[in-house]
Amino acid sequence: RLAASGDVLRTLDPETLRKPLTQWLQAGVNSLAICLLHSHVNDVHERMIAEVAREVGFTNISVSSQVAPMIKLVSRAETTVLDAYLTPILADYVLRLDAQFNRFESRSSLREDSVSSLFRGAKSGNKSRLRLMTSAGNLVDAAAFRGGDSILSGPAGGVVALGKIADAFAPQGAIGLDMGGTSTDVCRYSGRIPRDYESRKAGVRVLAPMIAIHTVAAGGGSICDVEDGRMIVGPKSAGAMPGPACYGRGGPLTVTDLTVILGRLPLDRFPFPLDVDAARKRLGEVNAKLGVNRFVPDELAAEGFLTIAVTHMAEAVRTTSTAQGSDPRDFTLVGFGGAAGGHLCAIADAIGMTRIIDHRDASLLSALGMGLADVGRIRTRGIYRMLDEIDAAQWQAWSDAVRVDAIESLTGEIESTIAMDEIAICRLEADVRYQGTEATLILAAHPFATLADRFHQSHRAEFGYDQPKRRIEIATIRCEATLPSLAMLDPQEVAFHSAEAACSRNLRGAKGDFDREQVEVGSSIAGPAIVVDDNSTLVIDPGWIATKHVTGTFELHRAMGASDGARRSCDQVDAVTVEVVARRMQGIADSM
């Protein structure tokens, strides 16, 4: 009905839609996704359909020109359907959550500042302000939270905290490794939070801003098994029930069981008793599947499975660094999540990284990051014009329009007499590419006069070549408007205090276990050793030295003269070697 220019070719009669919409509503359909061809240019027909749908009785309507106002009909449609599917479920949950917190806040036993400190919101009478984290790493008011915002909202908080830690401890850049029970999320921070604006999640093409996170199926609950003679770690997970074999519920062999068997997890600090014998029994059963190639003793099989798990995670680190033109050895590895601290040294060894930060609150960083995030919105406008067809005046007009749209979307976020445009921080970006190509580079939108030169330079830095005579296309212009975070880390929390101060994965017979709180500030611990607290375990492998900062955070460095990377004690080509080489080959192929 619309031309590519947005001109109306066939008018739409809204009344023809009333009957089918009514029938769908009566049949039990309660959510509607609207996506029409060329509506990213002209949304007149989408708005007409939405209005009729509201009159008929639909209460949840997702309109593509609002959800993802960009070219690519199929991707825009999938994003809109995703939003329409998730939003009603999340809306119901958010309403119940908001009601609970507002009810709890009225109790005299709850301190007035506790809820407000969680949500950092302005007060309206006796009600707290509930905000939620989006996949882009910003906080939004509960009423503005949509299904399309939620896909990576959990790990996004951890990346925000990673950025705060990197600014304090690793200004040259950091790679965050979030290892939980089912998977490991890896991201890179180089002065700003990295984002993807077009991605594929679980087979769905999503046109929405989300933090660039690479996920691999290697977590504490990842199942270790032998299939067709290959030692496999993941992607299947034991889950919470039955959980790992050592939980005593008949579960399979998992990465957590390996750490227990190899003495890398202090049993006396675990919240409930662990069944080591059950873990050993499962390991023996899995090892036996290797037949004549089985390991003797079984602990060697445990080391092999752990090496494979480490290889999975190391490949994820390479994907976020080497595959994107950055040398991971120039970065600091930062662990977060409940299981990361037990594997940081091994992963750094596999990649050649020489510096690690283990934050005091590593296992809680996703929650901490939500409290540190900025309130913000991102608005995008499709341009799809050649750069040489755009003048400075037109570019400024587009910039002003998307900036105003982003700022207006923040209205109501704070109760203040100050004009929103006086306090909002706006970052304008453009997605730029060579004519006829698909991949875009993200550049600062201004100054406009240097945009072409900056694009050529960035293209050469990213891809190794540029084409100065080829025409340049502006795909989109985007504005991120944020309100400065009201919750800042205390200077003592991030102060940097320096202090003077393959080998087997089996840590039985290690020099000792240390309680994080009992280690003196400025003192150093040489591996092998384990540092524990109530929330996490840090394993210091041989060849590494950990120094405690005044904040309780540990900084780890390779010891002088320590060999790079783990080495197996023999030259035998076994099932572990085969799987490790296969993982590396797959990683190289994926990068290519």
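Residues numbered from 1 in each chain as written. Predicted model: local features only at pLDDT ≥ 70, side-chain atom pairs only at ≥ 80, totals over all residues. Heavy atoms only, no water.

**A closer look at helix α14 (residues 451-463)**
Along its 13 residues, α14 runs 18 Å from first to last C-alpha, staying within 8% of the 18 Å computed at 1.5 Å per residue. Along α14, the residues classified as buried are Leu 451, Arg 454, Phe 455, His 456 and His 459. Contact partners of the buried residues in α14: α12 (392-408), β17 (425-434), β18 (441-444) and β19 (472-483). Just downstream of α14 lies Gly 464, where phi reads positive at about 90 degrees. (Helix = DSSP H or I, 4+ residues; strand = E, 2+ residues; numbered from the N terminus. Expected span 1.5 Å × (residues − 1). Buried < 20%, exposed > 50% of the residue type's maximum accessible area, 1.4 Å probe, protein only. Contact = heavy atoms within 4.5 Å.)

**Observations regarding the sheet that holds strand β25 (residues 554-558)**
Sheet architecture is open: eight strands sit in the order β11-β6-β5-β14-β15-β25-β24-β21, paired in mixed fashion. In the strand order of this sheet, the two ends are held by β11 (214-216) and β21 (524-526), each with one partner. For this sheet, the mean inter-axis angle between neighbouring strands, taken without regard to orientation, is 20 degrees. Examined bridge by bridge, strand β15 (residues 355-358) and β25 share four bridges and lie antiparallel to one another. The residue of β25 that forms the bridge with Ile 356 is Leu 556. Where helix α6 (residues 153-169) meets the sheet, it contacts β5 (174-179), β6 (184-189), β14 (332-336) and β15, and its direction lies at approximately 40 degrees from that of β6. (Pairing = 2+ DSSP bridges. Axes fitted to C-alpha atoms, helices over the stretch in contact; angles between N-to-C directions.)

**Structural notes on unusual backbone geometry**
For the bond from Gly 234 to Pro 235, the omega torsion is 0 degrees, close enough to zero to count as cis. In this structure, Pro 235 sits in strand β13 (residues 230-237). Here the residue pair Val 296 and Pro 297 is connected by a cis peptide bond, since its omega of 0 degrees sits within 30 degrees of zero. Looking at the element boundaries, Pro 297 is found in the loop between α8 (276-288) and α9 (298-320). Residue Lys 72 is not a glycine yet carries a positive backbone phi of 90 degrees. Structurally, Lys 72 is set in the loop between α3 (64-67) and α4 (73-105). One non-glycine residue, Asp 228, adopts positive backbone phi at about 55 degrees. With respect to the secondary-structure elements, Asp 228 resides in the loop between β12 (222-227) and β13. Given a relative accessible area of 83%, Asp 228 falls into the exposed group.

**Thoughts on the pattern of salt bridges**
Within the structure shown, the criterion is met by 33 salt bridges. Between Glu 198 and Lys 72 there is a salt bridge; the shortest N-O distance is 2.8 Å. One end of the pair, Glu 198, is in the loop between β7 (195-196) and β8 (199-201); the other, Lys 72, is in the loop between α3 and α4, and 126 residues separate them in sequence. Relative accessible area serves as the criterion here: at 43%, Glu 198 is assigned to the partly exposed category. A relative accessible area of 25% means that Lys 72 is categorised as partly exposed. Measuring nitrogen to oxygen at the nearest pair gives 2.8 Å for the salt bridge that ties Glu 78 to Arg 205. Taken together, the residues Glu 78 in helix α4 and Arg 205 in strand β9 (residues 204-206) connect sequence positions 127 residues apart. Salt bridges here are not isolated pairs; linked through shared partners, they connect Arg 192, Glu 429, Asp 431 and Arg 478. (Salt bridge = Lys/Arg side-chain N within 4 Å of Asp/Glu carboxyl O.)

**Some remarks on the sheet that holds strand β22 (residues 529-532)**
Strands sit in the order β20-β22-β23 across an open sheet of three strands; the sheet is mixed. A single partner strand is all that each edge strand has here, and the edge strands are β20 (513-515) and β23 (537-540). This sheet shows a mean twist of 20 degrees between the axes of neighbouring strands, independent of strand direction. For β22 and β23, the ladder comprises four bridges, and the chain directions are antiparallel. Bridging across to β23, Ile 530 finds its partner in Val 539.

**Here we look at the pairing of β22**
Consecutive side chains of a regular strand alternate in pointing toward one face of the sheet and then the other. What you see with β22 is no split at all: Ala 529 and Val 531 on one side and Ile 530 and Val 532 on the other are buried throughout. The pairing of β20 with β22 spans three bridges and is parallel. By the bridge assignment, Asp 513 is partnered in β22 with Ile 530. The turn joining β22 and β23, which pair antiparallel and follow one another in sequence, is formed by four residues.

**With respect to the pairing of β14**
Most of β14 is tucked away: five of the five residues are buried. Burial of the side chains of β14 extends over both faces: Thr 332, Val 334 and Phe 336 are buried on one face and Leu 333 and Gly 335 on the other. For β14 and β15, the ladder comprises three bridges, and the chain directions are parallel. Within the sheet, the bridge partner assigned to Gly 335 lies in β15 and is Asp 358. In this region the chain leaves β14, passes through helix α10 (residues 344-351) and returns to the parallel neighbour β15; the handedness of that crossover is right-handed. (Right-handed = clockwise from strand over helix to strand, strands pointing away.)

**Looking at α12**
Compared with an ideal rise of 1.5 Å per residue, which puts 17 residues at 24 Å, α12 spans 24 Å between its outermost C-alpha atoms and is within 8% of the ideal. Those residues of α12 that fall on the buried side of the exposure criterion are Trp 395, Trp 398, Ser 399, Val 402, Ala 406 and Ile 407. Looking straight down α12, one finds its buried side chains confined to an arc of 160 degrees; they lie on one side. The exposed set on the far side of α12, more than 90 degrees from its buried face, consists of Ala 393 and Glu 408. (Arc of directions from axis to C-beta.)

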